[in-house]
Each structure stands twice: as structure tokens, then as C-alpha cells.
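Given next are the chains, with one letter for each unit.
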Amino acid sequence: MPRSVEASAIQFVTLAQQREAATLGIWVFLATEVLFFGGMILGYAVYRWSYPEAFAAAGRHTAIVLGTANTAVLLTSSLTMALAVAAAEARRRRLLVLLLLATAALGCAFLGIKAAEYLKDWHEHLVPALNFTFEPRLAGPAELFFLIYFATTGLHAIHLTIGIVVMLVLAARSRHDRYLGPRSTTVEIAGLYWHFVDIVWIFLFPLLYLGGRSG
Amino acid sequence: MSGLRANLLVWLALLVLLGATTGGAYLPIGRFNIALALTIAAIKAALVLIVFMRLWEGPRLARVFAVAGFFWLGILLWLAGGDYLTRHGFPPG
């Protein structure tokens, strides 16, 4: 049975209450995600402190041009995401679908560039355990750096993939006024997740790509 | 559409800061490179949190949750960091 635009889900009294509950829910989830990624960043910090020379040398081997370009792509996807939320609130359905698809496309572009980077890392023998060669004196801790590099960027890529799927599902289901006006909460919640994944990258980028550049 | 101007301005600011952080990484300022990079990252994250995620416009409790996430992260980094930074003999060998 179709519900009217102003009706809330059955467990809530009003749509405003539903909106507040959903917003709180995603922030609780994001707080746990801060600690999830935070643990990995702590591991990075401890080993960078212990092996500064090897971490600087290893950091210089990351692809800074691809990494910087990818950061720009992801920051732009956050813009289209923010505009998608605004479009949903302004009841502009076609624009909403367009912006959701643009966000998904930028996410795919990020993953594509990342894949090219991983391939480059493989050819340069920078993949721990499987294909790794480095200046022998620093090889051990440098391998540790790349282990952290693949673990954090891989985990980030998984998060981004989930975000892309969410964008495509929202775009496909965005018929009539399902996500418009007072019902825009769904888009807003998806947006909060997307922006969080962007923030994770904002911190991973300087830690992984910029170390040892001035040396 | 509301917030179009603010969103575009923040996006431009984020790209400028990205240029600054990549450029700044090549300055020969020793250990201040990482301080500069992390300061810029924090500013970028704050812009995303405040403008794109509209943290200050949502429910007040959402702000408490967001701050709590970073607060506990601070405890994690502070206590674990204090341990490793002052311990001798780590890493072994």
C-alpha cells in the first residue's frame, strides 16, 4: 500500500522523529567507523615513529600524481553528493537522479585510478609477500609500510564500493517522490556515509603519499 | 536549490587545500612537513563535516555522537602513542 509523502514509518509518530532517529543512527555508525580506521592509523603511526627512514623511502615510491588526482576526484564526488541532497530537498527528481549517478561515476573513476595504481605497484615489486623487492637495508619496514598501504586503501575501496552500490540503488528506486521533500532523509543518510568515506581518504592521502617527499 | 553557493565554495577551497598539501610536502622543513599535512587534512575534514555533512544543522545529539567518535580516537592515540613513544627496546633488534 503506498504511503502518503507526509506519513512516517509505522514505529515513529512523526516524520521529523523518524528523520532524527535515522540521522542519529548513521552518526553512531560513523563514530564506530572512526575507531575502526583509527586503529589502523595508530598502527601506521607506531611503525612510522619506529622506522622513520624506511617509511620515508617507501612513501616516495607511492604514485603521487595518481594519488593527488584521485583525491580531487573524491572531493568532487562529495560536491555532487551534497548537491544531490539539496536537489532531493528541492523536489527536483531528475536532477537528483543525475547527481546520484554522477557521484557513483566519480566513485568508479576513483576505483579505476586506484586499480591502475595497484597495477603500477605490482610492476614496481611493491606488493608485500607476493612480489616485493626493496633496498635490502630498509626492505623489512618498507614492506610493513606497503602492507599498511594496501590494508588501509583496500578497506577504503571496499567502503567506496558499498557507497557506489547505495548511489545506484537510490538512483534506480528514485521514482515519483519517494526521496523528495520531507522524504529526502534517505538521500541525506547515504550522503553522510559518502562524505565520511571521503574524510577517511583526506587523512590517508597525506599519511601514505606525502611522507618523505622533501628528503 | 539551497546551499549551492556554499557547496561550490567549499569544493573550491578543498581543491586549493589539496594543492597546498601536495606542494607543501616538497618544502624542506623536516618534521614540520607532517604537521603541515595533518593540519591541512584537519581543515579539509572540518569543511566536509560542517558544510557537506551539515553537522551543526542536524540534531544536537548527532554532534555529541560525532565528537564522541573523535574523542575516543584521541584516547586511543594518546594512550597507545604515549606507550610506544616512551618505551625503549621497541621495535626489538
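Here the structure is a predicted model, which means the values were calculated and not measured.

Colleague: Quick question: what am I supposed to make of the overall build of chain A here?
Modeller: Counting secondary structure elements, chain A contains six helices and two strands. Referenced to the eigenvectors of the C-alpha coordinate spread, the extents of chain A come out at roughly 70 × 30 × 30 Å. Going through the 215 residues of chain A one by one, you find that 54% of them count as buried. Taking all contacts inside chain A whose residues are at least 6 apart in sequence as the whole, residues at least 24 apart take part in 80%. For chain A, the computed accessible surface area is about 9,200 Å², with 69% contributed by carbon and sulfur atoms. If the 16 positive side-chain charges of chain A are averaged to one point and the 13 negative ones to another, these points end up 10 Å apart.

Colleague: It is not clear to me how the pattern of salt bridges should be interpreted in this structure. Could you clarify?
Modeller: A side chain of one charge can pair with a side chain of the opposite charge if their charged atoms are brought near each other. The final tally for this structure, using the stated rule, is eight salt bridges over all chains. One connected set of salt bridges, linked through shared partners, spans Arg-19, Glu-89 and Glu-188 of chain A together with Arg-54 of chain B.

Colleague: Would you mind going over the interface of chain A and chain B with me for this structure?
Modeller: Frequently, the measure chosen for interface size is the accessible area removed from exposure when the parts meet. Taken together, the contact pairs 49 residues of chain A with 46 residues of chain B. Across the chain A to chain B interface the summed buried area is about 4,100 Å²; carbon plus sulfur atoms make up 81%. With a closest N to O distance of 3.6 Å, Glu-188 of chain A and Arg-54 of chain B form a salt bridge. Counting residues per element, the ones that place at least two in the side of chain A that touches chain B are helix H1 (15-50), helix H3 (64-89) and helix H6 (185-209) of chain A. If one sorts the elements of the side of chain A that touches chain B by residue count, H1 of chain A sits on top with 17 residues. Residue composition of the side of chain A that touches chain B, by class: 32 nonpolar, 10 polar and seven charged.

Colleague: Explanation requested: helix H2 (residues 52-59) of chain A in the structure shown.
Modeller: Side chains three or four residues apart in an α-helix point the same way, a direct result of the helix having 3.6 residues per turn. Along H2 of chain A, the residues classified as buried are Ala-54, Phe-55, Ala-57, Ala-58 and Gly-59 of chain A. On its buried side, H2 of chain A packs onto H1, helix H5 (139-173) and H6 of chain A.

Colleague: Any chance you could explain the nonpolar core here in plain terms?
Modeller: Generally speaking, nonpolar side chains in soluble globular proteins are found buried as a group. Membership of the largest hydrophobic core comes to 81 residues, with the highest contact counts inside it found for Trp-27, Leu-96 and Leu-100 of chain A together with Met-53 of chain B. Counting residues per element, this core draws most heavily on H6 of chain A, at 17 residues. Not counting the four nearest positions on each side in its chain, Leu-100 of chain A is found in contact with Met-81, Ala-84, Met-167, Leu-170, Ala-171 and Val-187 of chain A.

Colleague: Would you take a moment to explain the environment of Val-97 of chain A for this structure?
Modeller: All names here are of chain A. Residue position: Val-97 is located in helix H4 (residues 93-123). A C-alpha to C-alpha distance of 43 Å links Val-97 and Phe-55, two positions 42 residues apart in sequence. Once residues lying within four places of it in the same chain are set aside, the contact partners of Val-97 are Ala-171 and Ser-174.

Colleague: I'm lost on the environment of Arg-5 of chain B in this one. Help?
Modeller: All names here are of chain B. Within the secondary structure layout, Arg-5 lies in helix H1 (residues 4-24). Residue Arg-5 is classed as exposed on the basis of its relative accessible area, which comes to 67%. For the pair Arg-5 and Val-16, spaced 11 residues apart in sequence, the C-alpha separation works out to 17 Å.

Colleague: What exactly am I supposed to notice about unusual backbone geometry here?
Modeller: Across the chain, the bulk of peptide bonds are trans and the bulk of non-glycine residues have phi less than zero. Although it is not a glycine, Ala-129 of chain A sits at a positive phi angle of roughly 70°. Here Ala-129 of chain A shows up in the loop between strand E1 (126-127) and strand E2 (131-132). Its identity is not glycine, yet Arg-54 of chain B carries a phi of approximately 50°, on the positive side. Mapped onto the secondary structure, Arg-54 of chain B falls in the loop between helix H2 (32-52) and helix H3 (60-86).

Colleague: What is the right way to read H4 of chain A from this model?
Modeller: Residues and elements named next belong to chain A. Helix length check: H4, at 31 residues, gives a terminal C-alpha distance of 45 Å against a target of 45 Å (1.5 Å per residue), a fit within 8%. For H4, the full list of buried residues reads Leu-96, Val-97, Leu-99, Leu-100, Thr-103, Ala-104, Gly-107, Phe-110, Lys-114, Glu-117 and Asp-121. Here the buried face of H4 lies against H3, E1, H5 and H6. Among the residues trailing H4, His-125 stands out with phi positive, at a value near 60°.

Cut-off values and rules
Every residue gets a number counted from 1 within its own chain, in the order that chain's sequence is written. Lettering of chains starts at A and numbering of ligands starts at 1, both following the order in which they are written. The predicted origin of the model limits local features to residues at a pLDDT of at least 70 and limits the giving and counting of side-chain atom pairs to 80 or more, whereas totals for whole chains, interfaces and linings rest on all residues. Processing note: side-chain calculations cover all non-hydrogen atoms of the structure and skip hydrogens and water entirely. The helix count covers DSSP runs of H or I at least four residues long, the strand count covers runs of E at least two residues long, and both are numbered beginning at the N terminus. Buried residues are those whose accessible area, probed at 1.4 Å on protein chains only, stays under 20% of the maximum for their type, while exposed residues exceed 50% and partly exposed ones sit between those limits. The contact rule is simple, with two residues in contact once any of their heavy atoms fall within 4.5 Å. Per-residue and other accessible areas follow the Shrake-Rupley method at a 1.4 Å probe size, with only the shown protein chains counted as cover for residues. Working convention for charge: Lys and Arg count positive, Asp and Glu count negative, and His plus the chain ends are omitted. Positions of charges follow a simple convention, taking NZ of Lys, CZ of Arg, CG of Asp or CD of Glu. What counts as a salt bridge is simple: a side-chain nitrogen of Lys or Arg found within 4 Å of a carboxyl oxygen of Asp or Glu. Here the buried area means the combined drop in accessible surface, using a 1.4 Å probe, for two parts upon being joined, counting both sides. Classification convention: Asp, Glu, Lys, Arg as charged; Ala, Val, Leu, Ile, Met, Phe, Trp, Tyr, Cys, Pro as nonpolar; all other residues, Gly among them, as polar. To form a nonpolar core, buried Ala, Val, Leu, Ile, Met, Phe, Trp, Tyr and Cys residues must be joined to one another through side-chain atoms within 4.5 Å. To estimate how far a helix should reach, multiply one less than its number of residues by 1.5 Å.

Structural measurements only, silent on function.
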